[in-house]
Amino acid sequence: MATVRVNIPQQQTKEEDKYTFQTFKEEIKRKWTHKREVKQSERDLAQSFPKVLLALQCPSQLYLFLFYIIPRLFEDYTDETQICLQLFVCFCCVEGLLNYFLCLLTNSDVEPRSSSKIKTFDDPHAHTNGHVPNGVTVSRDDGEMPWGFCAICNMDIPPRAHHCKICKKCILKRDHHCFMVGNCIGFYNQRYFFVLGFYAILCGLGAFACNAWYLYLFYWPTAYSWTSLFPPIAFYRWLFGYENIELHVLILIFQAYPQLFFGGFGCIVVNSQTLMCFLGKTAHELTSHIPIKNNNFFFTNFESVFGKHWLLNFIFPMTQCLKQPGDGTYWDGIKIDHVANSDDKIKWC
């Protein structure tokens, strides 16, 4: 009787996967690149939370400043001084809301255009920053930035335009997608995003300082304990009568934390956008290691974001008066740096 021996191969594991030890930086990069797909409901919730918080914070904070904080903190000052302070508070609130809605509603999408409107390299009158036919992206010898092709949107896109997976469209000079605003920050709304961060600092950290000063003078001497500065505990003691807390004081305790939140957001926006404007680059270009070389002076970079006399944008949104140069498709003085980041893969879309 013959015996047949069958060798069943066991599942083998790769030795390099078994004995690979990753550094902390490599582990963070691996998890970031292989992060799970965020559901649409989670994205909508993340974008709606700041809007609801802002809708509750703005009217209540403005009311308390006009009728409690300014009259009581500055009661020793003249009526004219109090009126000027009230007007300044209203001005900051209006400016913040205006720039918020302009940043939210301004469209920086790439509009599909026919090939006849795009100049090609074969055209003798075409500019060096022309379009490469058939969606082929090449690097010019002179370093000029080429057009690209978005396979998702199935259209040609100008230089520095990139596709946003959240907005599901291509954005001119895409910087990043901001969940606080609920929109992509691009060529046409970057100026409003910058100014929004500036007034978020004033309305956030400035209001928090006045709020803390008011609570220290008019609530802290009679407070039950320091734990009453936590909103859930303060609300519990106010609701069941364990502590005699006035309603406006309770609202001020609740407002202190969103004020710090918006103020911190403003600091991050102003610092990051100042760096982006100074370098003449975008956050997407820096994080994706796109080799961009900006030969412009930093005043020119600020002018490309805000237009001429860019400081006037902090007084009032200069949408029509101070228009930006160009249309977001041609970039003078910005070229591809063939030396820097030569080992990195250039991602145009």
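About the criteria used
- Residues numbered from 1 in each chain as written.
- Predicted model: local features only at pLDDT ≥ 70, side-chain atom pairs only at ≥ 80, totals over all residues.
- Heavy atoms only, no water.
- UniProt positions renumbered as here; feature names shortened; annotations may be inferred.
- Helix = DSSP H or I, 4+ residues; strand = E, 2+ residues; numbered from the N terminus.
- Contact = heavy atoms within 4.5 Å.
- 1 Å grid on protein atoms, 1.4 Å probe; cavity = no way out; pocket = protein on both sides within 12 Å on 5 of 7 lines; lining within 4 Å.
- Points joined across faces, edges and corners; volume = space filled by probe spheres on them.
- Nonpolar A, V, L, I, M, F, W, Y, C, P; charged D, E, K, R; others polar.
- pLDDT = per-residue confidence, 0-100.
- Expected span 1.5 Å × (residues − 1).
- Bend = angle between axes of the 7 residues up to and from the residue.
- Phe/Tyr/Trp six-rings, centres within 6.5 Å; stacked < 30°, edge-to-face > 60°.
- Buried < 20%, exposed > 50% of the residue type's maximum accessible area, 1.4 Å probe, protein only.
- Lys NZ or Arg CZ within 6 Å of the ring centre and 35° of its normal.

Per an unreviewed UniProt entry, the protein carries the name Palmitoyltransferase and comes from Mytilus edulis. The Subcellular location (unreviewed entry) field of the UniProt record for the protein holds the comment "Membrane". Regarding the protein, the UniProt comment filed under Catalytic activity (unreviewed entry) reads as follows: "L-cysteinyl-[protein] + hexadecanoyl-CoA = S-hexadecanoyl-L-cysteinyl-[protein] + CoA".

Our next topic: the overall build of the protein. When its secondary structure is counted, the protein shows nine helices and eight strands. Restricting to contacts in the protein with at least 6 residues of sequence separation, those with at least 24 account for 62%.

In this structure, the second largest pocket encloses a volume near 610 Å³. What lines the second largest pocket is a set of 31 residues, among which Gln61, Tyr199, Leu202, Cys203 and Gly204 lie closest to the centre. Elements with a contribution of two residues or more to the lining of the second largest pocket: α3 (40–73), α4 (79–105), α5 (190–218) and α7 (247–279). Here the lining of the second largest pocket is composed, by residue class, of 26 nonpolar, five polar and no charged.

Moving on, we get to the confidence of the model for the protein. In the predicted model, the protein carries a mean pLDDT of 80, and the fraction of residues at 70 or more is 75%. At the low end of the mean pLDDT range in the protein sits helix α1 (residues 15–18), at 44; at the high end sits α5, at 95. Within the model, pLDDT remains below 50 along residues 114–142, and this stretch shows 50 contacts once partners closer than five positions in the same chain are excluded. Residue range residues 341–346 is modelled with pLDDT below 50. Its contacts to residues more than four positions away, or to other chains, number six contacts.

In this section: α7. Taking 1.5 Å as the rise per residue, α7 with 33 residues should run 48 Å; its terminal C-alpha atoms sit 48 Å apart, in good agreement. The sharpest bend along α7 measures roughly 30 degrees and falls at Gln255, with the proline Pro258 sitting one to four residues further on.

Moving on, we come to the packing of aromatic side chains. This model, assessed by the stated rule, comprises 27 aromatic pairs. Taking the centre distance of 5.4 Å and the plane angle of 75 degrees together, the rings of Tyr100 and Phe101 count as edge-to-face. Measuring from ring centre to ring centre gives 5.5 Å for Phe261 and Phe262, while their planes differ by 65 degrees; the resulting arrangement is edge-to-face. Judged by relative accessible area, Phe262 falls into the buried class, the value being 13%. Among the aromatic side chains, those forming a connected cluster through ring pairs are Phe91, Phe194, Phe198, Tyr199, Phe302, Phe306 and Phe314. Sitting above the plane of the Trp331 ring, Arg160 keeps its charged end 4.7 Å from the centroid.

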